[in-house]
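Examination of the molecular architecture
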Amino acid sequence: MRITPRTSEVRVPKFVGLMAVDARETAAGRGVQLATPDRPDFHRTVVDYVVRQYPPPGAEVPRGAVVTVWFDLGEGEGGGGAGVREPRVPAPPGGGMERELDAPGDAFEPTH
């Protein structure tokens, strides 16, 4: 039986959608390391889900390369995904429907 040697290049697996514990196991099995800028306690993180990664799945990288993954923010951590909320400047004019329609009047009244 022939055993193929370990190659120096590996393909990045898909981490998006995996829980932290599964992402760690997958990385170890595929020969890459994980970096988590938003989770300094990554080694204790278990059930948070990966929502983004770089490099993307399928990219060829050297064995032992670092793949950066980001996790969904948990409850009370500022999640929600609503994006940046800024005031609208200038503010829309007030008045509602009165603002959109002219006041009723005599259609035959001469204008000055």
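Here, the structure is the one placed above.
Residues numbered from 1 in each chain as written. Predicted model: local features only at pLDDT ≥ 70, side-chain atom pairs only at ≥ 80, totals over all residues. Heavy atoms only, no water.

1. Structural notes on unusual backbone geometry
We apply this condition: A run of H or I in DSSP becomes a helix once it reaches four residues, and a run of E becomes a strand once it reaches two; helices and strands are each numbered from the N terminus.
Note the cis peptide between Tyr 54 and Pro 55, where omega equals 0 degrees. On the secondary structure map, Pro 55 appears in the loop between strand E3 (50-54) and strand E4 (60-62).

2. Quick look at the environment of Gly 31
Operational definition: Burial status follows relative accessibility: with a 1.4 Å probe on protein chains alone, a residue under 20% of its type maximum counts as buried, one over 50% as exposed, and anything between as partly exposed. Note on contacts: a residue pair is in contact if any heavy atoms of the two residues lie within 4.5 Å.
Within the secondary structure layout, Gly 31 lies in the loop between helix H1 (20-30) and strand E2 (33-35). Its relative accessible area of 16% is what places Gly 31 among the buried residues. Each C-alpha atom of the pair Gly 31 and Ser 8 lies 9.7 Å from the other, and the pair is 23 residues apart in sequence. Once you skip the residues sitting within four places of it in the chain, Gly 31 turns out to touch Val 10, Arg 63, Gly 64 and Ala 65.

3. What to know about the pattern of salt bridges
Heads up, the condition is: Here a salt bridge means any side-chain nitrogen of Lys or Arg lying within 4 Å of a carboxyl oxygen belonging to Asp or Glu.
In this structure the tally under the stated criterion is three salt bridges. Asp 48 serves as the salt-bridge partner of Arg 39, at 2.9 Å between the closest nitrogen and oxygen. For Arg 39, a relative accessible area of 7% translates into the label buried. Arg 44 is paired through a salt bridge with Asp 41; the nearest N and O atoms lie 3.9 Å apart. Classification of Arg 44 by relative accessible area gives exposed; the value is 59%.

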